[in-house]
Amino acid sequence: MQMDLKTVNIEPKRRSYAHVAARIGAEKLASRYQEGTFDMQVEGPQHYRPLWDPAHDYFDPDRTRIRMQDWYAFKDPRQYYYGSYVIARSRQQETAESAFAFVESRSLADAMPTELRETALKLLLPLRHVAWGSSMNNETTAAYGYGAAITQGALYYAMDQLGIAQFLTRIGLLLDQPEALETAREAWLHDEAWQPLRRLVEDLFVEKDWFEVLVAQDLVLDGLLYPLIYGAIVDNVLAMQGGSAVAMVCQFQSEWHAEASKWIDAQVKAAIKDTGANGDLIAGWVRKWRARAVSALLPVAAIALGDGAEEQMDEVLADFDKRLAKLGVSA
Amino acid sequence: MDIAVTKKKLGLKERYALMTRGLGWEPTYQSVDDVFPMDSFEGIKIHDWDAWEDPFRLTMDAYWKYQAEKERKLYAILDAFAQGNGHLTLSDARYINTVKLFINGLAPLEYMSHRGFAHIGRQFRGVGPRVACMMQSLDEMRHAQTQVHAISNYNRYYDGMANFRHHHTYLPYLQVPRSFFEDAASGGPFEFITAIGFAFEYVLTNLVFVPFISGAAYNGDMGAMTFGFSAQSDEARHMTLGLEVIKFMLEQDPDNLPIVQKWLNKWTWRGVRVLTLVAMMQDYMLPKRVMSWAEAWEIYFEENCGALFRDLARYGIVMPPCVEQVRKERDHLSHMAWCQFYQARGTNNFHVWLPSKEDMDWLSAKYPETFDQYYRPRFEYWAKMEEEGTPFEAATPPQQCQVCQIPTIFPVAGDPLTRAEHSCTHDGERFHFCSQWCQEIFEDEPEKYVQAKLGAHELYKGNLFGDADPTAEDFDPMAAAMAFLKLTPEDSGLHSDSRDAANFDLWRGLAKANEA
Ligand SMILES: [Fe+2]
Ligand SMILES: [Fe+2]
């Protein structure tokens, strides 16, 4: 029996799932982002309290002081669901791959001035631990956040930071021997220049309010670190001194941050817009962590910039404060 | 200096270690126990997290690349299926009820799994297992979304799927899978990964997914269930993770053995109880059958898992004792379940039907010891009642097991005509169980299981009436409950009366007419 299915014109009974239709309107076709995100988490009664946190429900909005009338206001401006996320990253990964291949095949690392290469290694390799810390801190939101919109975006961020930590590891292997990673770990654990930053990251590991962790890590720390390290130092200072090979293999990070900052900005904006009191909370968190991030990043920037670190930091801060103002955060 | 010539070549294992556990460090500004506060309260002793063997070695760049390739292929198939009215190629409209069972019962658990693995991916203090758990958390997000996307097209044309979110949260029968997963997720990190990563994804995985995936293929569903094939390479990673965790715990300290064995006993039983739904699906709901539940049990449990448990015997692990009862129930399980759903069809969100004569002959052949003796007469009697226009329907909600939440319909093992009665008293209240095994689970953690929200109890407590006012003069509790549950007459009842059956025939007729 043959059937001509394509030409059968039948009226659908509905356009989307009921919980999606309730949010976007029954007459609208839902996007894959919407269907894959809205109300994926159980709300309402749950069967058992977690043994690991008996003071809360398994899914509990009270794990942050942020209040939301709609937890699905945390929309992703990139509209990433799993499929579109991995497809976007696989393209960026390909570009990064060819950059690594290019630098390696032409032995560009060897062509770099020794001193410059050493500065790059000293600056970049301990950052793999910082990226891993950021990954953990975003895993906190993926685990304890409320609603699929925010847990999904935070998990992508956590995986991206793991990817960045791995790219940084590869830079170490490309520019030097594996022992360089050990040297960098020692610096991360003991060198004075890295201690304020390590303390900050470890303090975030024990912070219980997941939205505060998100603000401190993604908005403040990464919001200052990426423009400072990759924007100002790698892409400008090092590149001009003959380190364009380093800039090439760091391109993933620069592009990634331009994109990921749109995501975190949207989350902060959504929280402020949803409930007025969130704005004060967020501003307080930004003030607290901004001061610490600045003093933690200064000695790190000095590895490459020496006395010029402070001036460079001021420039980065000026841009950052403009960004905050646009978000409506009065820090 | 010439780095290129002297550069050391790293082995894959060393390189992967640098890419994962090499990233971690022992915190000193905060205590390690404060950073990882949850991985010790269960009593599992880990002396050396570095002894963890990575079960697979996938860096993020490779992960993005492979997964993107899979997603491109999968969504191309889904698009083609939707555009070409692929749902009309199904073997029979009854098949759609399998899709309903899947989206309502299983897809929401994938999101739960994403959260569960995110939680333990944050809590284990070893970096190696944390990275593996993070990746699984991401995979589970994939499974949740690809299932919702794949079934979206069915939802546009057929009933019983639109409210899967609400139904999964509130419909009594769906509390069987939901409470199963919440039970695991609300346990400690090691119990969670034993329950989900090992008992469910390793021991029972084939019993869950083979019937759905092969059932889809046999019944012409090339769209909705393609995600099953696509997910298999993810599952292979999840299985190796589950097994590695078990071996790791057992190798780290002999004191871990009794804890692990207790969990294996509990979660094998909890898992098999949830599989009641799958057993019923494969024996009664697939218009074209793949294999019977009894056959699947023989292949995927007795043979495959028999070998697995023999392998674990060197650690002192034994086959969970509940397996004896599963064997005794093997030839009853699906029949009892279908009878139950048939009688309670007014509160289902999928349709039921009585097995046809051919169906019953197949069931007799597959279950020679039980079907003709205990179940055929019942179905023939109910068929007569349907013919006479007075189809049989149960009036009151059944008593449910306090642990697995399945109605206590099971017979005494070895005595099919006597219903098993198990109960105990806790804090002056009486609790009922389907079996000795669920009762043991309860008695081990009564404070946990007294919290369970059983459908019938919730109804009596008035928790399922929504905004309706129970003191109003014309208050109709059943109508209020149905409205709150968002159950429409189109969602429930007999398949032959359903809008789905009528539409499927109509649309198929149009397709044939077009061809002519
Ligand atoms: Fe899954
Ligand atoms: Fe039970």
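Residues numbered from 1 in each chain as written. Chains lettered and ligands numbered in written order. Predicted model: local features only at pLDDT ≥ 70, side-chain atom pairs only at ≥ 80, totals over all residues. Heavy atoms only, no water.

(A) Expanded view of the overall build of chain A. In terms of helices and strands, chain A carries 14 helices and zero strands. Along chain A, from the amino end to the carboxyl end, the secondary structure elements read α-α-α-α-α-α-α-α-α-α-α-α-α-α. Counting only C-alpha atoms and orienting by the principal axes, one finds that chain A spans roughly 70 × 55 × 40 Å. Residue burial in chain A is summarised as follows: out of 331 residues, 63% are buried. For chain A, the share of sequence-separated contacts (at least 6 apart) that also reach a separation of at least 24 residues comes to 76%. (Helix = DSSP H or I, 4+ residues; strand = E, 2+ residues; numbered from the N terminus. Buried < 20%, exposed > 50% of the residue type's maximum accessible area, 1.4 Å probe, protein only. Contact = heavy atoms within 4.5 Å.)

(B) Geometry of the packing of aromatic side chains. Under the definition given, this model contains 57 aromatic pairs over all chains. Clustering of aromatic rings is evident, with ring pairs tying together Tyr284, Trp338, Tyr342, Trp353, Phe371, Phe379, Trp382 and Phe392 of chain B. Above the plane of the ring of phenylalanine 56 of chain B lies arginine 237 of chain B, whose end atom (NZ or CZ) is 5.7 Å from the centre. Sitting over the ring of tyrosine 48 of chain A, lysine 448 of chain B keeps its end group 5.4 Å from the ring centre. (Phe/Tyr/Trp six-rings, centres within 6.5 Å; stacked < 30°, edge-to-face > 60°. Lys NZ or Arg CZ within 6 Å of the ring centre and 35° of its normal.)

(C) Just the coordination of the iron ion (ligand 2), in detail. Residue and element names in this part refer to chain B. Taken together, the protein ligands of the iron ion (ligand 2) are Cys401 (SG), Cys404 (SG), Cys434 (SG) and Cys438 (SG), with distances of 2.3 to 2.4 Å. Of note, the donors binding the iron ion (ligand 2) are all from one chain and are spaced C-x2-C-x29-C-x3-C. Of this pair, cysteine 401 sits in the loop between helix 18 (371-387) and strand 1 (411-412) while cysteine 438 sits in helix 19 (residues 436-444), and the two are 37 residues apart along the sequence. Residue cysteine 401 is classed as buried on the basis of its relative accessible area of 0%. Among the residues examined, cysteine 438 registers a relative accessible area of 0% and is labelled buried. (Donors = N, O, S within 2.8 Å, 3.2 Å for Na, K, Ca; no water.)

(D) Focus on the interface of chain B and chain A. With 112 residues of chain B at the contact, the number on the chain A side is 101 residues. The largest per-residue losses of area from chain B upon contact with chain A belong to Trp25, Tyr29 and Trp64 of chain B, which jointly make up 10% of the total buried on that side. Across the contact surface, chain B and chain A share three salt bridges. With a shortest N-O distance of 2.9 Å, arginine 170 of chain A and aspartate 61 of chain B are connected by a salt bridge. Looking at the side of chain B that touches chain A element by element, the count peaks at 19 residues for helix 6 (residues 127-157) of chain B. Broken down by class, the residue content of the side of chain B that touches chain A amounts to 48 nonpolar, 33 polar and 31 charged. (Buried area = accessible area lost by both parts, 1.4 Å probe. Salt bridge = Lys/Arg side-chain N within 4 Å of Asp/Glu carboxyl O. Nonpolar A, V, L, I, M, F, W, Y, C, P; charged D, E, K, R; others polar.)

(E) Inspection of the environment of lysine 247 of chain B at higher detail. Residues and elements named next belong to chain B. Locating lysine 247 in the fold gives a position in helix 11 (residues 226-252). A C-alpha to C-alpha distance of 9.8 Å links lysine 247 and glutamate 53, two positions 194 residues apart in sequence. Not counting residues up to four positions away in its chain, the partners in contact with lysine 247 are Asp311, Arg314 and Tyr315.

(F) Quick peek at unusual backbone geometry. The backbone of aspartate 39 of chain A shows a phi angle near 55°, a positive value even though the residue is not glycine. Here aspartate 39 of chain A shows up in the loop between helix 2 (32-37) and helix 3 (82-105). Look at aspartate 39 of chain A and you get buried, because its relative accessible area is 14%. Phi at lysine 486 of chain B is positive, roughly 55°, even though this residue is not glycine. Looking at the secondary structure, you find lysine 486 of chain B in the loop between helix 22 (477-485) and helix 23 (499-515).

(G) Examining the coordination of the iron ion (ligand 1) more closely. Residues and elements named next belong to chain B. Coordination of the iron ion (ligand 1) by the protein is provided by Glu110 (OE), Glu140 (OE) and His143 (ND1), with metal-donor distances spanning 2.1 to 2.2 Å. Donor residues for the iron ion (ligand 1) sit on one chain with the sequence pattern E-x29-E-x2-H. Of this pair, glutamate 110 sits in helix 5 (residues 96-123) while glutamate 140 is found in helix 6, placing the two residues 30 residues apart along the sequence. With relative accessibility at 8%, the residue glutamate 110 sits in the buried group. Taking the relative accessible area as the measure of exposure, glutamate 140 reaches 1% and is therefore buried.

(H) Region of interest: the pattern of salt bridges. With the rule as written, the count across this model stands at 58 salt bridges over all chains. In this structure, arginine 89 of chain A and aspartate 160 of chain A form a salt bridge, with 2.8 Å as the shortest nitrogen-oxygen distance. One end of the pair, arginine 89 of chain A, is in helix 3; the other, aspartate 160 of chain A, is in helix 7 (residues 148-175), with 71 residues separating them in the sequence. Accessibility classification places arginine 89 of chain A together with aspartate 160 of chain A in one group, the buried group. Ionic pairing is found between aspartate 255 of chain B and lysine 45 of chain B, a salt bridge with its closest N-O pair at 2.4 Å. Of this pair, aspartate 255 of chain B sits in the loop between helix 11 and helix 12 (256-274) while lysine 45 of chain B sits in the loop between helix 3 (32-35) and helix 4 (60-83), and the two are 210 residues apart along the sequence. Aspartate 255 of chain B gets classed as partly exposed once you look at its relative accessible area, which sits at 41%.

It is worth stressing that arrangement in space is one thing and function is another; only the former is reported here.
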